[in-house]
Each structure stands twice: as C-alpha cells, then as structure tokens.
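Chain by chain, the residues:
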Amino acid sequence: MTAYAINTENLSRNFGPIVALENLSIQVPVGSVFGFLGPNGAGKTTTMRLLLGLLSPTGGTAQVLGHDIHQEAGNIRTQCGALLEHNGIYERLSAENNLEFYGRIWRIPAADRSARIKELLTNLGLWDRRKEPVGKWSRGMKQKLAMARALFHRPKLLFLDEPTAGLDPAAAARLRDDLEKLVEFEGVTVFLNTHNLAEAERLCQQIGIIRAGKLVGYGSPSDLRTRAGKPQLVITGTDFSDEVITEIGSRPGVVSVDRNNKRLIIHLEEVIDTAPLISLLVGAGAQVEEVTKSQSSLEEVFLTLISEEQDKVEPFDDK
Amino acid sequence: MISDITTIIWKESREFISMRPGLRGGWTGLLIILAVFGILIPLQSGIDWLSASTTVLMWAWLPFILVNSVVADSFAGERERHTLETLLASRLSDKAILVGKICSAIVYGWGITLIGILVALVTVNISNWSGKFLFFPPLIGLAILFLSFLVAWLAAGLGVMVSLRASSVRQAQQTLSVAFLVLFIPLLLLPLLPEEYRGTVQGALIGIDIQMGIITAIIVLVILDLILLGMVFQRFKRDHLILARD
C-alpha cells in the first residue's frame, strides 16, 4: 500500500479550448483530510470527477489508493465513497431502501446490510423515519442520509463535496466531529471540497487552493499562513489619536494600520520587534487594554491567493 | 455482473412502484389498459379473438406504450433528479447500469402485456366455455410472445437513445410519443383511407402469408433491436453521461 491515498502529477483536463485543470500535482497522505478550496468554477468538481475515474484526463497521471485513474477506475470506485455536489438521494424511495440499494451495490451480505442500515440511521437520528419517502425530508436530513450512504461500505477514501451545506450549525459540527473520528480511528482519508474556510482550517492537515484550474496554494494551513499571510498586531484600547496612527504607519516594517472601534490592527511586513510601537502608543496617551500578535487567517490567505490570480483567467464553469 | 443487474432491477422496480402511489397516481391507467385489452376486446371478439391476426398486432403494440411510459423516467429522470453521478461514482460498470435499466423497462412492459394476455385468455374461456381450455393456435401464440418481447426491446432501445439526448423527462416523453405516432400511425389511419385504397391495402395484407409475415417481422425487429442495442452501448459511457447537460 502506497503512503499516499492520492498522488497526482501534472494532472490536466481540457474541454475543447477551455482549460479546466492545469498541471495539478498533489500528494494526499493516507489517513489525512485534504481540503480543496476555490471559487465556483475553479476546477474542484472536475478534479473530483477525474480522481473518481468519471472523466479521463487530457494530460498527466494520477494514482488513487495505488490505482491508475485511467486504467483502474473500477478498482478506485470500489474502495471509495462519495458525497458529490448533489446528494444523489432517490427521493421517491425510503431512507431504508436508499441504503439497501447501495448496500446491494457494494455486495454487502443481507444480514450485515440490515445491521449497518440500523447502525447508521440510529446514529444519525433517522431510524424512526426510515420508511418514509425521502422526498418529504428537509435538506439537512437528506444530506445526513447521503453521508450515511457514502460511509455505508466503510470506504478507505471519502470524496466529499460541500458535505455540511444545508446542515444546521449543530448538525454540521456533529458531522465534523464524526469525520475527525473516522480519520483518527479508522484511518480513512478524506478529500474535501469546501467553501467553508473555518471547516477546512479545523479538519484539514493539508489544503490546496485552486483558481481557474491552477493550484495557487498548497500545504498545511499553518504553512499557507506563513507563506501567503502577513503577521499582524491587534491592540484593544481607547484614545488612539490620528497623529499616532500616522506615525505608526510610517515606521519600518509596518504595511498599514486599520482602526476598528476599540481595535487597532497593525499589518506588518514581517515579524518584527513590536515593543517600540506599543511604547509609542502609550507615550501618546492611548489606553491599551490588550495586545495580540497573530498570523493572517486562512480566509485572508485564501483571498490573497485568489486575488493574485483574479484578473488572469476567466473561470470555467465545470458544473 | 448478473448480481449488479438484478440490483439495478431491484431499485428500478421500487421506483416504478413509487411513481404510482395509490390508485389516483397511475395504477388506474394500468387497470384500464388491462380491462380494455384483457376483458372488453376479447369479450367483443369472442372465440375468433384467439386466431385473428389483429390480436398479434394488438399485443405487439401494447408493450411499446408501456415501456415508453417508464424508460424516459429511468434514464432522463435519473439525470434530471441528480442521482446519476452518484450512481456512476459507485463500483457498478456502465454495462450493468445500462442492462439493468433496459431489463427493468422490458420486464415492466412485457410483464404487464403477458398479464393482459392471461386475463384475455381467461375472459375468452369463461365467456365461451366448451369443457376444454381454449388457447391460441401455436403460430399466433408464438408470434404474440416473440413480437411483444421484441417490440418491448425496441421501445427500450429507442427510449434510451432519446433519453440520453433529452434535457428532461418531459422532453424525452414528448419525443417518444412522436416516435410512437410515426411507427403506428399507418395502422391507425387505415380505416380512414378512401374505400378503393383501403381495399387495395387490405387485399395486399390479406395476400401476405401470415407465417412469412410473422417471420419477416421477427427478423426485422431482431435486426433493429441489435442495431439499437449496439448504439446505446456505444453512447452509455461515463464520460458522455457526466458531460451531458444536467
């Protein structure tokens, strides 16, 4: 078994003259969560389809669980679970029959199928409504059922496209907890397409940021923050005069200063000794309550990386 | 492969049933078809119904309508309801999905036709009971069995081709209705022809050796069915399906 659940090298896909994915090279270690971030039409769905062998690449190579996506797509799909852009639930059928169908597809013996259906539906709080046609359910309940279906056959690799979309905050938090447990205790690898940066920051050991088919950022969340984000100093207090703010803004290593109610945010070029800045503020009569040094958030990193590429290429809508 | 096909048939059968929840949901239509073809027409025709060549035509025509009513929902519907991509992301092969869906539509259309034939036989026997069970002459019986099956297959093949190109179930059903009219309208128009033309056509039809006619029809249908099957196998590929309009 390879150390990487997913290993792509210059993976590319064109649709006629349109480049949907260009030279994607990533390695996703077994038993980790990889977050794939990008705006709509960036190529996330195309990537997922390529990795599941639903589309053929026009260039490059990729191995998923050690199988070539072009030659052994059937083997890949056998070992993977997927919750795609649309939940794929049969709304005329009951929850029980939806899971029964996929249990049969995965060739799970009848007795194990029944036990697994009961286990999953009970865990998700859906057991009492198992006989109802799913079409009558809320979006969140359908999403939970789709998650149960993706996990039904205990896959080694899980492809999730916006799994918490439509879930209430409590259900989304529970799902994130379940995913963490799945990775920690069962060694499942997760490939997660998401717009939810907080979710990515919490769950993912590695993140890829894609824009117009190109990977513009790749690494652990802290790596990305270090590489793409700038440090900042957040000072909470009162009596920040315009003169002292101008003075701080002109100091070496300070990029800009923002005032927001009782907070002063000083954006720095790099990590510098900030004690003289605090002394300057206090000396000018500012009342300082709290000082915090921080890195940029993943959201800021994401926006920085995306905006750098913003004007270069128009996005391709792969949906 | 066989177990995958039966899995698809299992799912499709449940979807067919759930398409028609209760009497008002569509079972009424099915019961009317069975009442007309299985009771009313055999009662009116009497014992002649068993040996009439129109009986063959009638039972060969019925599965076309029945298969048409489900095949668009099975193929275009799966895409319209956004369940196709998840199904394609499973371990099932393209062939298993395709064959399973075609078999489901044929089993439905041909199965109901066979039930109708049984009901009709019972009706004829009850209304003309002579102490022994009346059955079709062997040639007519075999022709009904083979032709109804081959027409169900033809309808399924056409249904798949149309559904793969249609953007919605509704569009697929409309196109299939037109195909139905094109194929069967000559039969419906026959009684409306001026008498001299009608006489000529009827004379030509009567002149046909029934046995030869049936064999020719079977051969033509087998060829058409095989061509269509080849075409749908060619088109039903994951790449095509994923990139088709959704």
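Residues numbered from 1 in each chain as written. Chains lettered and ligands numbered in written order. Predicted model: local features only at pLDDT ≥ 70, side-chain atom pairs only at ≥ 80, totals over all residues. Heavy atoms only, no water.

This part covers the overall build of chain B. When you go through chain B residue by residue, the secondary structure sums to 10 helices and zero strands. Taking 2.2 N^0.38 as the reference for a compact globule, 246 residues should give roughly 18 Å; the C-alpha atoms of chain B span a radius of gyration of 20 Å, in line with that estimate. Projected onto its principal axes, the C-alpha coordinates of chain B cover approximately 60 × 40 × 35 Å. A buried classification covers 46% of the 246 residues belonging to chain B. (Helix = DSSP H or I, 4+ residues; strand = E, 2+ residues; numbered from the N terminus. Rg over C-alpha atoms; globule rule 2.2 N^0.38 Å. Buried < 20%, exposed > 50% of the residue type's maximum accessible area, 1.4 Å probe, protein only.)

Applying the stated rule across the entire model yields five cavities of 30 Å³ or more. Considered as a void within the structure, the second largest cavity measures approximately 80 Å³ in volume. Contributing to the lining of the second largest cavity are C80, G81, A82, Y102, W106, R149 and A150 of chain A together with T86, A89 and S90 of chain B. Counting only elements with at least two residues in the lining of the second largest cavity, the list comes to β7 (80-83) and α5 (139-151) of chain A. Tallying contributions element by element places β7 of chain A first for the lining of the second largest cavity, with three residues. (1 Å grid on protein atoms, 1.4 Å probe; cavity = no way out; pocket = protein on both sides within 12 Å on 5 of 7 lines; lining within 4 Å. Points joined across faces, edges and corners; volume = space filled by probe spheres on them.)

The next thing to look at is the pairing of strand β8 (residues 157-161) of chain A. Residues and elements named next belong to chain A. With respect to burial, β8 is a largely interior element, five of its five residues being buried. The alternating pattern of β8 places L157, F159 and D161 and L158 and L160 on opposite faces, both of which are buried. With four bridges joining them, β7 and β8 adopt parallel strand pairing. By the bridge assignment, G81 is partnered in β8 with L158. (Pairing = 2+ DSSP bridges.)

What follows deals with the environment of L224 of chain A. Relative to the helices and strands, L224 of chain A is located in helix α8 (residues 221-228). For the pair L224 of chain A and F302 of chain A, spaced 78 residues apart in sequence, the C-alpha to C-alpha distance is 8.9 Å.

This part takes up the packing of aromatic side chains. Geometry of an aromatic ring pair is reported as the spacing of the ring centres plus the angle between the planes. All names here are of chain A. Using the criterion set out here, one finds 14 aromatic pairs over all chains in the structure. Both rings, one in Y90 and one in F101, keep their centres 5.7 Å apart while their planes meet at 75°; by these two values the pair is edge-to-face. In this pair, Y90 sits in the loop between β7 and α3 (95-105) while F101 sits in helix α3, placing the two residues 11 residues apart along the sequence. Judged by relative accessible area, which is 1%, Y90 ranks as buried. Put simply, the rings of F34, F36, F159, F191 and Y218 pair up and form one aromatic cluster. (Phe/Tyr/Trp six-rings, centres within 6.5 Å; stacked < 30°, edge-to-face > 60°.)

Low pLDDT means the predicted coordinates in that region are not meant to be read closely. All names here are of chain B. Summary statistics for chain B give a mean pLDDT of 84 and a share of 93% for residues scoring 70 or more. Highest mean pLDDT in chain B belongs to helix α4 (residues 84-88) (92); lowest belongs to helix α8 (residues 195-207) (73). Under the prediction, the complex receives an ipTM of 0.80, its pTM being 0.79. (pLDDT = per-residue confidence, 0-100.)

Attention now goes to the sheet that holds strand β9 (residues 189-194) of chain A. Residues and elements named next belong to chain A. In space, the six strands of this open sheet follow the order β7-β8-β9-β4-β10-β11, with mixed pairing throughout. Looking at which strands have only one partner, the edges of the open sheet turn out to be β7 and β11 (214-219). Averaged over all adjacent pairs, the angle separating strand axes in this sheet is 15°, with direction ignored. In this structure, strand β10 (residues 206-211) lies alongside β11, joined through five bridges in antiparallel fashion. By the bridge assignment for β11, I209 is matched with G217. Lying on the sheet, α5 is in contact with β7 and β8; it crosses β7 at an angle near 170°. (Axes fitted to C-alpha atoms, helices over the stretch in contact; angles between N-to-C directions. Contact = heavy atoms within 4.5 Å.)

Our focus in this paragraph is helix α2 (residues 27-45) of chain B. Residue and element names in this part refer to chain B. Taking 1.5 Å per residue, 19 residues should reach 27 Å; α2 reaches 26 Å between its end C-alpha atoms and fits that length. Roughly 35° is the biggest bend found in α2, and it falls at V36. Burial in α2 covers these residues: L30, I33, L34, F37, G38 and P42. After α2 finishes, the residue G46 shows a positive phi value of roughly 70°. (Expected span 1.5 Å × (residues − 1). Bend = angle between axes of the 7 residues up to and from the residue.)

Another point: the sheet that holds strand β12 (residues 232-238) of chain A. Residue and element names in this part refer to chain A. Strands sit in the order β13-β14-β12-β15 across an open sheet of four strands; the sheet is antiparallel. If you trace the sheet from one side to the other, it starts and ends with β13 (254-260) and β15 (287-294), each paired once. Ignoring which end each strand starts from, the neighbouring axes of this sheet average 15° apart. The pairing of β13 with strand β14 (residues 263-268) spans six bridges and is antiparallel.

All right, on to the packing of helix α6 (residues 138-165) of chain B against helix α9 (residues 210-235) of chain B then. All names here are of chain B. At a closest axis distance of 9 Å, the pairing of α6 and α9 adopts a crossing angle of 25°. The orientation of α6 with respect to α9, classified from their angle, is roughly parallel. The handedness of the crossing between α6 and α9 is left-handed. Here the contact of α6 with α9 is composed, by residue class, of 24 nonpolar, two polar and three charged. (Parallel < 35°, antiparallel > 145°, perpendicular 65-115°, else oblique. Left-handed = near helix turned anticlockwise from the far one by under 90°. Nonpolar A, V, L, I, M, F, W, Y, C, P; charged D, E, K, R; others polar.)

Tallied over the full model, the rule gives zero disulfides over all chains. You can see C80 of chain A has no disulfide; the closest cysteine sulfur is in C204 of chain A, sitting 17 Å from it. (Disulfide = S-S within 2.5 Å.)

Membership of the largest hydrophobic core comes to 151 residues, with the highest contact counts inside it found for L158 and F159 of chain A. Looking at this core element by element, the count peaks at 15 residues for α6 of chain B. Not counting residues within four places of it along the chain, the set of residues in contact with F159 of chain A comprises I6, M48, L51, L52, C80, G81, A82, L83 and F191 of chain A. The next biggest cluster of nonpolar side chains, apart from the first, holds 15 residues, and it includes F240, V244, V257 and L277 of chain A. (Core = buried A, V, L, I, M, F, W, Y, C linked by side-chain atoms within 4.5 Å.)

A few words on the interface of chain A and chain B. With 29 residues of chain A at the interface, the matching set in chain B holds 29 residues. At the boundary of chain A with chain B, total buried surface from both sides reaches about 2800 Å², with 59% on carbon and sulfur atoms. It is L54, Y90 and R92 of chain A that lose the most area in chain A upon contact with chain B, and together they represent 25% of the buried surface on that side. Between the two partners, chain A and chain B, sit three salt bridges. Ionic pairing is found between R92 of chain A and D73 of chain B, a salt bridge with its closest N-O pair at 2.8 Å. Linking chain A with chain B are 10 residue pairs in polar contact (both at pLDDT 80 or more), by the criterion used here. (Buried area = accessible area lost by both parts, 1.4 Å probe. Salt bridge = Lys/Arg side-chain N within 4 Å of Asp/Glu carboxyl O. Polar contact = N/O pair within 3.5 Å; in protein donor to acceptor, adjacent residues only side chain to side chain.)

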